[in-house]
Amino acid sequence: MNGETGVLLSKRFLARFGERFAAAARAAGITPAVLHLPEEPGASLDPAACARIEIAYLTRDWRFSQGHYRAFGEALAAAPRLKWVHFASTGVDQHPFLPDLLRRGVRLTSSIGSNGEPVAQTALGGLLMLARGFPAWWRAQRRRAWAPHPPDALPRELAGQTVLVVGLGVIGSAVARFCRALGMRVIGVRRRPGRGEEPADEVHPPARLTALLARCDWVVLACTHTPETHHLMNAASLAALPRGARLINVSRGGVVEERALVAALESGHLAGAYLDVFEREPLPADSPLWSLPNVIVSPHNAQASSGNDARSAEIFLANLERFGRGEPLANEHGQAQHA
């Protein structure tokens, strides 16, 4: 590459990973001209700076600052030389500026794998809290009531129960390993055949999902949200579960038909759910999911972990080296993907 390459980065990223960034740029044969969004949230980057951007990295500090997030999208739209955008998140489908980038042929990569273990640990935490009856203890605690589980309603032991994990990527595979360590039987569903040792006792294609549901005490959703998985768990699939089954969703809200889920929980057919994602986010204050006694809600935060930024940065920086050398990029998405 000749001349300088404009790279849009947050100051926080540069403060933490500046030396590693400089080393990666050297390895890539790139002379970076680092650009930052204005400090004031929502203030726009000037047109001359936007015209220099070739690479951009949407880090979490900008993603979760509404003003900076909006300014980031505006900067990309005004960047005629933009070639590649990396996202600290695992998926990229939620960004409103994405269609424009795809139309322009901008390459898009994400940090798949950077938060897999934290999400899997959170999913397991939700499963364990439901399995051990924590919601009943919480309700008693709020009443200041000493209320042990009654002898005729003791929690079932997890060993020997069957869990269906939909999606055996980084998150789903970690969930499967955790569940097997608890003595559970694990059935996995994945689109593509696995390579090497499987994390589950059985692995089936998505076409087998409906037939598998009748065997399951638990369903953990760890798949991507695509047209094929939209409302994968609907009234019919929830009804196919045995009465008393429980659901964990750490994928995307659109994978579950929320109205059908509420009905299954209210009827008691579904004994409980841990939900980190929802069809509308933030979850509306009038949603019945907030107050159902057998539901645990978290604010799309299952991935929260102090180590995510470093893992995501390493994925970006390794890709920066590949980009400079003209090699395929890891975790590339969308129509802009290079073969």
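Rules used in this analysis
- Residues numbered from 1 in each chain as written.
- Predicted model: local features only at pLDDT ≥ 70, side-chain atom pairs only at ≥ 80, totals over all residues.
- Heavy atoms only, no water.
- Pairing = 2+ DSSP bridges.
- Helix = DSSP H or I, 4+ residues; strand = E, 2+ residues; numbered from the N terminus.
- Axes fitted to C-alpha atoms, helices over the stretch in contact; angles between N-to-C directions.
- pLDDT = per-residue confidence, 0-100.
- Contact = heavy atoms within 4.5 Å.
- Expected span 1.5 Å × (residues − 1).
- Buried < 20%, exposed > 50% of the residue type's maximum accessible area, 1.4 Å probe, protein only.
- Parallel < 35°, antiparallel > 145°, perpendicular 65-115°, else oblique.
- Left-handed = near helix turned anticlockwise from the far one by under 90°.
- Core = buried A, V, L, I, M, F, W, Y, C linked by side-chain atoms within 4.5 Å.
- Nonpolar A, V, L, I, M, F, W, Y, C, P; charged D, E, K, R; others polar.
- Right-handed = clockwise from strand over helix to strand, strands pointing away.

Some remarks on the sheet that holds strand E7 (residues 185–189)
Then, number 1: With parallel pairing, seven strands are arranged side by side in an open sheet as E8-E7-E6-E9-E10-E11-E12. Among the strands making up the open sheet, the edge pair consists of strand E8 (202–204) and strand E12 (295–297). Pairs of neighbouring strands in the sheet enclose a mean axial angle of 15°, with direction left out of account.
Then, number 2: Two elements, strand E11 (residues 270–275) and E12, share three bridges in a ladder whose sense is parallel. Considered in E12, the bridge of Tyr274 is made with Ile296.

Some remarks on the confidence of the model for the protein
Then, number 1: Looking at the protein, the pLDDT average stands at 95 and 98% of residues meet or exceed 70.
Then, number 2: Averaged over each element, pLDDT in the protein is lowest for strand E13 (residues 332–333) (94) and highest for strand E9 (residues 218–221) (99).
Then, number 3: Below pLDDT 50 for its whole length, residues 335–339 participates in eight contacts with residues either more than four positions away or in separate chains.

What about helix H12 (residues 308–325)?
Then, number 1: With 18 residues, H12 ought to run about 26 Å at 1.5 Å a step, and its terminal C-alpha atoms sit 26 Å apart, in line with that.
Then, number 2: Those residues of H12 that fall on the buried side of the exposure criterion are Asn308, Asp309, Ser312, Ala313, Ile315, Phe316, Leu317, Asn319, Leu320, Glu321 and Phe323.
Then, number 3: Buried residues along H12 sit in contact with helix H1 (11–28), strand E3 (53–58), helix H3 (60–63), strand E4 (84–87), strand E5 (107–110) and helix H6 (116–131).
Then, number 4: Gly326, located one to two residues past H12, shows a positive phi value of around 75°.

Notes on the sheet that holds strand E2 (residues 31–35)
Then, number 1: Spatially, the six strands line up as an open sheet ordered E2-E1-E3-E4-E5-E13, and their pairing is mixed. Two strands close off the open sheet at either side, each with one partner strand: E2 and E13.
Then, number 2: The sheet contact formed by strand E1 (residues 4–8) and E3 spans three bridges and is parallel. Its bridge partner being in E3, Val7 is matched across the sheet by Ile55.
Then, number 3: The sheet contacts of helix H4 (residues 66–77) involve E1, E3 and E4, and relative to E3 the element is tilted by about 155°.
Then, number 4: Here H12 sits on the sheet in contact with E3, E4 and E5, set at roughly 160° to E4.

Concerning the packing of H1 against H12
Then, number 1: Look at H1 against H12: their axes get within 9 Å of each other, and the N-to-C directions meet at 25°. The pairing of H1 with H12 is recorded here as roughly parallel in orientation. Between H1 and H12 lies a crossing whose hand is right-handed. Only Asp309, Ala310, Ala313, Glu314, Phe316, Leu317, Ala318, Leu320, Glu321, Gly324 and Arg325 of H12 make contact with H1, whose side of the interface consists of Arg12, Phe13, Arg16, Phe17, Arg20, Phe21, Ala24, Ala25, Ala27 and Ala28.

A word on the side chain of Asp309
Then, number 1: As for its position among the elements, Asp309 is in helix H12.
Then, number 2: Other than its neighbours up to four places away in sequence, Asp309 contacts Arg12, Arg16, Phe17 and Arg60.

Description of the environment of Ile315
Then, number 1: Structurally, the position occupied by Ile315 is in helix H12.
Then, number 2: The sequence separation of Ile315 and Leu82 amounts to 233 residues, and the corresponding C-alpha distance is 19 Å.
Then, number 3: Ignoring any residue separated from it by four or fewer positions in sequence, one finds Ile315 in contact with His86, Ser110, Ser111, Ile112, Ser114 and Asn331.

Notes on the nonpolar core
One broad trend across soluble globular proteins is that nonpolar side chains are buried collectively.
Then, number 1: In terms of nonpolar packing, the biggest core is built from 32 residues, with Leu164, Val166, Leu241, Leu270 and Leu289 touching the most fellow members.
Then, number 2: Listed by contribution, the elements that provide at least two residues to this core are strand E6 (162–166), E7, helix H9 (209–213), E9, strand E10 (245–249), helix H11 (258–267) and E11.
Then, number 3: The greatest single-element share of this core, amounting to five residues, is contributed by H11.
Then, number 4: What Leu164 contacts, discounting residues up to four positions off in sequence, is Ile187, Val189, Leu209, Leu212, Leu213, Cys216, Trp218, Val219 and Val220.
Then, number 5: By size, the runner-up hydrophobic cluster in this structure holds 26 residues, among which are Val165, Ala174, Val175 and Val186.

Digging into the packing of H6 against helix H8 (residues 170–181)
Each pair of packed helices can be summarised by the angle the axes make with each other and by the distance between the axes.
Then, number 1: Across the interface, H6 lies against H8 with an axial gap of 8 Å and an inter-helix angle of 45°. One way to sum up the angle between H6 and H8 is to call them oblique. For the crossing formed where H6 meets H8, the hand is right-handed. Here H6 contributes Gly116, Glu117, Val119, Ala120, Gln121, Ala123, Leu124 and Leu127 to the contact with H8, which in turn contributes Val170, Ile171, Ala174, Val175, Arg177, Phe178 and Cys179.
Then, number 2: Broken down by class, the residue content of the contact of H6 with H8 amounts to 11 nonpolar, two polar and two charged.

Points about the pairing of E5
Then, number 1: The side-chain alternation of E5 yields two buried faces, one formed by Arg107 and Thr109 and the other by Leu108 and Ser110.
Then, number 2: Inspection of the sheet shows E4 paired to E5 by four bridges, in the parallel sense. Bridge pairing links Trp84 to Arg107 in E5.
Then, number 3: The β-α-β motif built from E4, the intervening helix H5 (residues 98–103) and the parallel element E5 has right-handed crossover chirality.
Then, number 4: In this structure, E5 lies alongside E13, joined through two bridges in antiparallel fashion. The residue bridging Thr109 from the neighbouring strand is Glu332, located in E13.

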